[in-house]
Amino acid sequence: MPTKPDVIYTARATAYGDGRSGSVTSDDDVIDLNLAVPKEMGGPGGELTNPEQLFAAGYAACFHSALKIVGRKLGVDVEGSTVTAAVGIGQLGPAFGLTVALDVALPNAADRDAATKALEAAHEVCPYSSATRGNIVVDLNLV
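From a predicted model like this one, the values you see are computed outputs, not experimental measurements. (Residues numbered from 1 in each chain as written. Predicted model: local features only at pLDDT ≥ 70, side-chain atom pairs only at ≥ 80, totals over all residues. Heavy atoms only, no water.)

(A) Seen up close, the pairing of strand β2 (residues 23–26). The alternating pattern of β2 places S23 and T25 on one face and V24 and S26 on the opposite face, and all of these are buried. Sheet analysis places β2 next to strand β3 (residues 32–34), joined by three bridges and oriented antiparallel. Considered in β3, the bridge of T25 is made with D32. The antiparallel pairing of β2 with β3 creates a hairpin that spans five residues between the two strands, and D29 there sits at a positive phi of about 65°. (Buried < 20%, exposed > 50% of the residue type's maximum accessible area, 1.4 Å probe, protein only. Helix = DSSP H or I, 4+ residues; strand = E, 2+ residues; numbered from the N terminus. Pairing = 2+ DSSP bridges.)

Have a look at this one:
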């Protein structure tokens, strides 16, 4: 059984309506979004978000913070860095599964090997990476 961390913050969001075609709100109303199923999955798509986009945004931001922390510790220049998360969803046997590709740009890193080590170290400490480890495929790409 996993070890529970000492929690310092808890985010709360509620989904209501029609699931993937419903809405989500955070308990502080900072997030108040309507959702739509993407066209690729038979929905209307359009200007509304979906759970995979929300997951991608959270993972990208969290991984970027982890990268900045470990990059500085390892002496890798993280200024101007970006992280783009691509979250895919598809059939996985009888259920659906996710994939993640993290495309990381470190334009000021002088040493590619050191930059790669920073990516790997960030993947070890990022809470999203810890949550997904062993559950979904996560590809790390230095771009």
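(B) Just the nonpolar core, in detail. Counting residues in each nonpolar core, the largest one holds 25 residues, and the members touching the most others are Y59, F63, L67, V83, L102, V104 and L106. Within the residue set of this core, elements represented by two or more residues are α1 (51–74), β4 (82–92), β5 (95–105), α2 (112–125) and β6 (137–142). Here this core takes eight residues from α1, the largest share from any one element. Here V104 is in contact with F63, L67, T82, V83, L119, N141, L142 and V143, once residues within four sequence places are set aside. (Core = buried A, V, L, I, M, F, W, Y, C linked by side-chain atoms within 4.5 Å. Contact = heavy atoms within 4.5 Å.)

(C) Expanded view of the pattern of salt bridges. Per the stated rule, a full pass over the model turns up three salt bridges. Ionic pairing is found between R20 and E52, a salt bridge with its closest N-O pair at 2.5 Å. Linking R20 in the loop between β1 (13–16) and β2 with E52 in helix α1, this pair joins segments that are 32 residues apart in sequence. For R20, a relative accessible area of 27% puts it in the partly exposed group. R133 is the salt-bridge partner of E124, the closest N and O atoms lying 3.9 Å from each other. Residue class for R133 comes out partly exposed when judged on its relative accessible area of 37%. (Salt bridge = Lys/Arg side-chain N within 4 Å of Asp/Glu carboxyl O.)

Read these as layout, nothing more, since geometry by itself doesn't imply function.
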